[in-house]
Amino acid sequence: MYSGTLMPANAQGLRESPDPLPVEVNRTTQHYAYPVLPSQDSVLREYLRVLIKRKWIVISSVTVIFGVVAIATLKSIPIYDASGSIAINKSDPALLNIKDSANAPIEYYDPADLDTEVRILKSDLLALQVIRQLNLDKRPEFGGKGESSGNSLALTTDALQPDSEQTTALLSAFKGNLRVALQPDSRVVDIHFRSPDRQLAAHVVNALTSTYIEQNFKTRFESTMQASDWLSKQLVDLQLKVETSQEKLVKYQKEHGILGIDEKQNIITSKLDELNKELTAAESDRMQKESVYRLVQSGDPDTAASAALSAAGTAGTNSSTSGLLEKLREQQADIRIQTAQLSTQFGPSYPRLAQLNNQLKEVEAQTQVEMKKITSRVRSDYLASLQRENMLRDALDRQKQQANRLNESAIDYSLLKRDVETNRTLYEGLLEKLKEAGVTAGLRSNNIRNVDIARAPRSPAEPNVPRNLSFALALGITTGIGLAFLLEGIDNTVRTPEQAEAISGLPSLGMIPLGSKSSSDSKSKRLSLASSREVVELVTQSRPQSQMAESYRALRTSLLLTSLGAPPKIILITSALPQEGKTTTSINTAVVLAQKGTRVLLIDADLRRPSIHKTLGMGPKIGLSNVLTGNAPLQQAIVRSNVLPSLFVLPAGPPPPNPAELVASSNMRDVLAELRDQYDHIIVDTPPTLSVTDAVVMSTRADTVVLVIRSGQTTKQALRRSRDILMQVNSRISGVLLNAVDLNSPDYYYYYEYQGKYGQRYYQEDEVKDLEESGAQVTQTSA
């Protein structure tokens, strides 16, 4: 055994089951494969089937909608649409006198300006002016009576009152026919007006355009004059502010002694700069003399001589002292050289050496005197420069204090001066604007111009007959198709084998037709099989060449050849609900199996409502119920059928009080085990699975189970529920058999595309012949 959500591989046109359930599959009786998605061809074929089936719904929808729209279109009043256009240019910056800091015109543009102008064109004020100008309140399409009356609407700017119903209705009628639109990526505005009168439509557009242009020019002129009046009032206040700020500036300048025009030309500031420069020079001079003084204090004659010479050169004084010191130094050097030579040549006792030593001492004494003089002079210069530096520093400090006080006063002075300049500049600018305002009001050009004037249209805009009829046709087709699929979706019954396979996940064993579809020939006939119960339930014997008989033989093939092992012996046939043809299927299945020459036993296991003995013309006899209760032997209950010699029947017998317990008993198991060895095939007719549990109990003892459903009667929920009940007890379900199929239904149009070529004439002639032989009634009908 194998459990899984599998579908049979021999099913055609399978769809994915909407509620796959675990399925117990006997590998010896059925081959399963994973479900595949429907191909595009099958989907399109399904759509076409629905449309053909519901073709009258589609045709009716198209006819009704197309007719209604056509009548409404032809009865509607022609409406004419007059159109004109205007261009709204940018305002001239030169006339607006808008300039930046570099005195260059500013390119100013706000995208919302055009939307604002469009709203103005739709305003109530312009609408009332046009209505008054053209006397539209007297026209019938605007609610007028065509004549002037004493209480007519006074169309002025004061007539727009929120509580005026007449005004509201008039504006609503006017604006309902008006359409103003801005052309994309341009500054052109299109104005449309619709009216039954073509001349009136053009007059309204032109009147609205001229009124708008005039109103725009008037508004711009009035705004300029209002600006001029405002500037005149502001100039008086500015002039008073300029005079007051100038008086404050002069008074402050006198009180704080600010003599210069500004801080750069002020006396205190200039003197501070001069003292700062002199102090810098004095500091440099003092540093130089201090360095000379420190060199002289070292006592080195050479250093003192060079320092004195440098100081004398820098100061520009007499350098005789430094020159004398140099001469003394030279003499001292000469004497020392002579002393060294004579001492070396004549010895230390030479008389000339004593004379030279005395001269040397005298020169050294004069050198010391000169050194003292130089040191005294350098020190005096240093002290003088130091004193001058200190005096300049004191003067600079005093001057800084005066400058700081001046700066404190200059801050307030600058503020007062800036206030004066600002007021003067603003006053002069407003004065210039005031002079230009009067001239600009008259010279400013209008930035709106006509592009196209409205002309009376030649043809009406509505009704647009081709568009309306095309729309009606499309709407009718769409509605018809929608209704067709809606009704198809509402239909909850199973009608085709493909639907049965998709819903149950079980293979389709075939379909049993309700009748055959006749040809288009006027002499053809439609066979009414329901007129004879015997013909229907024994059709395989009474009319073996009919389509119905051939369908049962196809069922026989499916049951015998689709098994991987030996053909099933015990075949249980059941249905979901009563009146779905399970008994008819059981009898005809037993007949087609017996026609092969095999021994076939037909058991009527419907102990509640047995019907096989009535169909086969067998009176009340002992049957299965007697055998299970032990009141009769098995062989005595079995009767050979008068239909075929190899067909045997085990009737149900008298209805017992406990049929479910009997079929579930061990006696039933023993009976089936005994019969399995005596017959090649055993067909068991059972009650419906959803009504009682008899069929479910017996299904576990059968080799295969055939689930019969009726086309157009069995619901999808009933099919799913019956499948689930059988699978819960691990029944070996071979598939679903669709019974009572109406071959005249559009659901099977594609079936007849094949049948019409190969088998329709063959089956039709044989059916008529079989009916004539069996004495059945044939009804004459049109194809």
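For the structure, check the block above.
Conventions we followed
Residues numbered from 1 in each chain as written. Predicted model: local features only at pLDDT ≥ 70, side-chain atom pairs only at ≥ 80, totals over all residues. Heavy atoms only, no water. Core = buried A, V, L, I, M, F, W, Y, C linked by side-chain atoms within 4.5 Å. Buried < 20%, exposed > 50% of the residue type's maximum accessible area, 1.4 Å probe, protein only. Helix = DSSP H or I, 4+ residues; strand = E, 2+ residues; numbered from the N terminus. Expected span 1.5 Å × (residues − 1). Arc of directions from axis to C-beta. Contact = heavy atoms within 4.5 Å. Phe/Tyr/Trp six-rings, centres within 6.5 Å; stacked < 30°, edge-to-face > 60°. Polar contact = N/O pair within 3.5 Å; in protein donor to acceptor, adjacent residues only side chain to side chain. Pairing = 2+ DSSP bridges. Axes fitted to C-alpha atoms, helices over the stretch in contact; angles between N-to-C directions. Salt bridge = Lys/Arg side-chain N within 4 Å of Asp/Glu carboxyl O.

### A short note on the nonpolar core
Soluble globular proteins tend to bury their nonpolar side chains together.
Turning to step 1, where the next piece is worked out: One finds L601, I603, L650 and L675 to be the most contacted residues of the largest nonpolar core, which totals 44 residues.
Turning to step 2, where the next piece is worked out: Formed by 32 residues, the second largest nonpolar core is a distinct cluster that contains L126, I131, V205 and I213.

### Comments concerning helix α2 (residues 55-75)
Counting along an α-helix, one turn takes 3.6 residues, and residues three or four places apart therefore face a common direction.
Turning to step 1, where the next piece is worked out: Compared with the 30 Å implied by 1.5 Å per residue over 21 residues, the 30 Å span of α2 between its first and last C-alpha is a close match.
Turning to step 2, where the next piece is worked out: Taken residue by residue, α2 has V58, S61, V62, I65, A70 and T73 as its buried positions. Angular distribution of buried residues about the axis of α2 spans 140 degrees; they occupy a single face of the element. Along α2, the residues that are exposed and aim more than 90 degrees away from the buried face are W56, T63, V64, V68, L74 and K75.
Turning to step 3, where the next piece is worked out: Next to the buried residues of α2 lie α12 (465-490).

### Quick notes on the packing of aromatic side chains
Turning to step 1, where the next piece is worked out: Counted under the stated rule, the structure contains three aromatic pairs.
Turning to step 2, where the next piece is worked out: Their ring planes at 85 degrees and their centres at 5.6 Å tell us that Y47 and F485 sit as a pair that is edge-to-face. You can see Y47 sitting in helix α1 (residues 40-53) and its partner F485 sitting in helix α12, a full 438 residues away along the chain.

### Considerations on the side chain of N447
Turning to step 1, where the next piece is worked out: Take N447: it is sitting in the loop between α11 (351-443) and β8 (448-452).
Turning to step 2, where the next piece is worked out: One polar contact links N447 to N216, side chain to side chain, over a distance of 3.4 Å.

### Side note on unusual backbone geometry
Glycine aside, the phi torsion of most residues is negative, and most peptide linkages are trans.
Turning to step 1, where the next piece is worked out: In this structure, P463 follows E462 across a cis peptide bond, with omega equal to 0 degrees.
Turning to step 2, where the next piece is worked out: Even without being glycine, Q579 reaches a positive phi, approximately 65 degrees.
Turning to step 3, where the next piece is worked out: Among the secondary structure elements, Q579 is positioned in the loop between β10 (570-575) and α17 (582-594).
Turning to step 4, where the next piece is worked out: Relative accessible area serves as the criterion here: at 59%, Q579 is assigned to the exposed category.
Turning to step 5, where the next piece is worked out: Phi is positive for N730, close to 60 degrees, though the residue is something other than glycine.
Turning to step 6, where the next piece is worked out: Looking at the element boundaries, N730 is found in the loop between α24 (716-728) and β16 (733-741).

### As for the pairing of β10
Turning to step 1, where the next piece is worked out: Most of β10 is tucked away, with six of its six residues classed as buried.
Turning to step 2, where the next piece is worked out: Of the two faces of β10, the one lined by I570, L572 and T574 and the one lined by I571, I573 and S575 are each fully buried.
Turning to step 3, where the next piece is worked out: Inspection of the sheet shows β10 paired to strand β14 (residues 681-685) by four bridges, in the parallel sense. Its bridge partner being in β14, I573 is matched across the sheet by D685.
Turning to step 4, where the next piece is worked out: Pairing geometry for β10 and strand β15 (residues 704-710), over five bridges, is parallel. Residue pairing in the sheet places L572 in a bridge with V705 of β15.

### Things to note about the sheet that holds β15
Turning to step 1, where the next piece is worked out: Spatially, β9-β16-β15-β10-β14-β11-β13-β12 is the arrangement adopted by the eight strands of the open sheet, whose pairing is mixed. Edge strands, defined here as strands with exactly one partner in the open sheet, are β9 (508-513) and β12 (639-640).
Turning to step 2, where the next piece is worked out: Relative to β14, strand β11 (residues 600-604) runs parallel, the two sharing five bridges. The partner of I603 across the bridge, within β14, is V684.
Turning to step 3, where the next piece is worked out: The strands touched by α17 are β10, β11, β13 (647-650), β14, β15 and β16; relative to β14, the strand with the most contacts, the crossing angle is about 170 degrees.

### Focus: the sheet that holds β8
Turning to step 1, where the next piece is worked out: Strand order in the open sheet formed by four strands is β6-β7-β5-β8, with antiparallel pairing between adjacent strands. The open sheet is flanked by β6 (178-182) and β8, the only strands paired with a single partner. Pairwise comparison of adjacent strand axes, ignoring direction, gives a mean angle of 25 degrees for this sheet.
Turning to step 2, where the next piece is worked out: Relative to β8, strand β5 (residues 80-88) is paired through four bridges, and the arrangement is antiparallel. Counted as the bridge partner of A87 is R449 from β8.
Turning to step 3, where the next piece is worked out: Its contacts with the sheet put helix α4 (residues 112-121) on β5, β6 and β7 (188-195), and the angle it makes with β6 is roughly 170 degrees.
Turning to step 4, where the next piece is worked out: In the packing of helix α7 (residues 198-255) onto the sheet, contacts are made with β5, β6, β7 and β8, and the angle to β5 comes to roughly 20 degrees.

### Remarks on the pattern of salt bridges
Turning to step 1, where the next piece is worked out: Applying the stated rule across the entire model yields 13 salt bridges.
Turning to step 2, where the next piece is worked out: Its salt-bridge partner being D285, residue K289 comes within 3.5 Å of it at the nearest N-O pair. Residue K289 and its partner D285 are located together in helix α8 (residues 267-296), separated by four residues, close to a single helical turn.
Turning to step 3, where the next piece is worked out: By relative accessible area, D285 is classed as partly exposed at 30%.
Turning to step 4, where the next piece is worked out: Note that D724 is salt-bridged to R723, the shortest N-O span being 2.9 Å. Take D724 and R723: they sit in the same class, and that class is buried.
Turning to step 5, where the next piece is worked out: Residues participating in the shared-partner salt-bridge network are E283, R286, E389 and R393.

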